[in-house]
Each structure stands twice: as C-alpha cells, then as structure tokens.
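Each chain, written out:
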Amino acid sequence: DSAFYNCSSLASITIPEGVKNISGSAFQNCSSLASITIPEGVTSISSGAFNSCYGLGFIKFVSQTPPTVANVNAWNYIPTDCIIYVPQGTLSAYTSATNYPDPATYTYVEY
C-alpha cells in the first residue's frame, strides 16, 4: 500500500509484468503522473490506487479482461480529460465494468 504515495516527480509508469495487484493508494497524490500503462497480468486495483492524480492524461489497459477495481475511489479526482485506452474489441467490457471511470464523463478509446 502507498508505494508511491505523494511522489511529486513520477511522470509516467508502466506497471511491470508479473504485478497482479495495484495496492491501495499506490499512486495517490502523484501530482506529476501523466500516464499509466497497466499490463495484462494485473487482475485487481485496490481502493484509492490513483486517487488525486491531477495531471493524469491517459491510462492504457493491455488486458482483454478489465481488472477488478475495489471501488470507484480508485480514480477519485483524476481529470475528466484523461483518456482511457483499452484493447480493440473490449470497449463494452471496460465501459460496463464495475467501479471504472464513468464513460459518460471520460473518453474511452480502443487501440
């Protein structure tokens, strides 16, 4: 939990292969974090994982199956212009997944 909490200089992160869970508040308050790539192996995202990442420009998911998200506060206070990239053919799965950013407010794009 809180591995990179309040890290003000982290600009981008690609979660390493082999990581299965992004723990609670792992990147909370990372004010300079602009991009995140979440690999296929991540199966769960805990509460507050990306809470208050005010500079987030995009999140890229690699998995065909959306990871389980503990609750919607995993994404609290990310900018509404943050783009969420999902693999081709998975748009419906991600936009209907529980506790993901609201597709009425956030833009989801297949790549």
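Rules behind the numbers
- Here the residue index of a chain counts from 1 through its sequence in written order.
- With the structure being a predicted model, the display of local features is reserved for residues of pLDDT at least 70 and the display and counting of side-chain atom pairs for 80 or more, all residues being used for whole-chain, interface and lining totals.
- Hydrogens and water molecules were not included; the side-chain quantities draw on all heavy atoms of the structure.
- Between any two strands, at least two bridges found by DSSP are needed for them to pair.
- Secondary structure elements are defined from DSSP: runs of H or I of at least 4 residues count as helices, runs of E of at least 2 residues count as strands, and each element is numbered from the N terminus.
- Aromatic pairing here means that ring centres of Phe, Tyr or Trp (its six-membered ring) are within 6.5 Å. Orientation follows from the plane angle: under 30 degrees is stacked, over 60 is edge-to-face, and everything else is tilted.
- Remark: exposure states derive from per-residue accessible area (1.4 Å probe, protein chains only) relative to the maximum for the residue type, with buried under 20%, exposed over 50%, and partly exposed in between.
- Buried residues of nine kinds, namely Ala, Val, Leu, Ile, Met, Phe, Trp, Tyr and Cys, make up a nonpolar core once their side-chain atoms join them within 4.5 Å.
- Contact criterion: two residues are considered in contact whenever any of their non-hydrogen atoms come within 4.5 Å of each other.
- Throughout this description, a polar contact denotes any pair of N or O atoms lying within 3.5 Å of each other; where both atoms belong to protein, one of them has to be capable of donating a hydrogen while the other can accept it, and for residues adjacent in sequence the pair is counted only when both atoms sit in side chains.

A.B. asks: What's the story with the sheet that holds strand β6 (residues 68-69) in this structure? I'm lost.
C.D. replies: Read from one edge of the open sheet, three strands run β2-β4-β6, paired in parallel fashion. Edge strands, defined here as strands with exactly one partner in the open sheet, are β2 (21-22) and β6.

A.B. asks: Can you help me understand the packing of aromatic side chains in this one?
C.D. replies: The way to describe two aromatic rings as a pair is by their centre distance and the angle between their planes. Per the counting criterion, the structure on display carries nine aromatic pairs. Between phenylalanine 27 and phenylalanine 50 the ring centres are 5.4 Å apart and the planes differ by 5 degrees, which places this aromatic pair in the stacked class. Of this pair, phenylalanine 27 sits in the loop between β2 and β3 (35-38) while phenylalanine 50 sits in the loop between β4 (44-45) and β5 (58-61); the two residues are 23 residues apart in sequence, bridging distant segments of the chain. Taken as a pair, phenylalanine 27 and phenylalanine 50 share a single burial class, namely buried. For the ring pair tyrosine 94 and tyrosine 100, a centre distance of 5.8 Å and an interplane angle of 85 degrees mean the geometry is edge-to-face. Residues tyrosine 94 and tyrosine 100 agree in their burial class; the two are buried. Taken together, Phe4, Phe27, Phe50, Phe61, Trp75, Tyr94 and Tyr100 form an aromatic cluster joined through their ring pairs.

A.B. asks: Looking at this model, I keep getting lost on the pairing of β5. Mind explaining?
C.D. replies: On a regular strand, each side chain points to the face opposite its neighbour's, so the side chains alternate between the two faces of the sheet. Burial of β5 is one-sided: the residues Ile59 and Phe61 facing one way are buried, the residues Phe58 and Lys60 facing the other way are not. Examined bridge by bridge, β3 and β5 share four bridges and lie parallel to one another. Following the sheet pairing, threonine 37 is matched in β5 by lysine 60. Inspection of the sheet shows β5 paired to strand β7 (residues 83-86) by three bridges, in the parallel sense.

A.B. asks: I keep staring at the nonpolar core and nothing clicks. Help me out?
C.D. replies: Soluble globular proteins tend to bury their nonpolar side chains together. In terms of nonpolar packing, the biggest core is built from 29 residues, with Phe27 and Ile45 touching the most fellow members. Within the residue set of this core, elements represented by two or more residues are β3, β5 and β7. For isoleucine 45, the residues in contact, after removing those within four places along its chain, are Asn21, Ile22, Ile38, Phe50, Phe61, Pro67, Thr68, Val69, Ala70, Ala74 and Trp75.

A.B. asks: Is there a simple way to explain the side chain of serine 52 in this structure?
C.D. replies: Here serine 52 lies in the loop between β4 and β5. Serine 52 sits in the buried class, given a relative accessible area of 7%. A polar atom in the side chain of serine 52 sits 3.1 Å from the side chain of asparagine 51. Leave out the neighbours within four places in its chain, and serine 52 touches Asn29, Cys30, Asn76 and Tyr77.

A.B. asks: In this structure, what is going on with the environment of tyrosine 100? I would like to understand it.
C.D. replies: Relative to the assigned elements, tyrosine 100 resides in the loop between α1 (91-95) and β8 (107-110). With a relative accessible area of 6%, tyrosine 100 lands in the buried category. In this structure the C-alpha to C-alpha distance between tyrosine 100 and alanine 74, which are 26 residues apart in sequence, comes to 8.3 Å.

A.B. asks: In this structure, what is going on with the environment of phenylalanine 61? I would like to understand it.
C.D. replies: If you trace the backbone, phenylalanine 61 turns up in strand β5. What phenylalanine 61 contacts, discounting residues up to four positions off in sequence, is Ile38, Ile45, Pro67, Trp75, Ile84, Tyr85, Val86, Pro87, Tyr94, Tyr100 and Tyr111.

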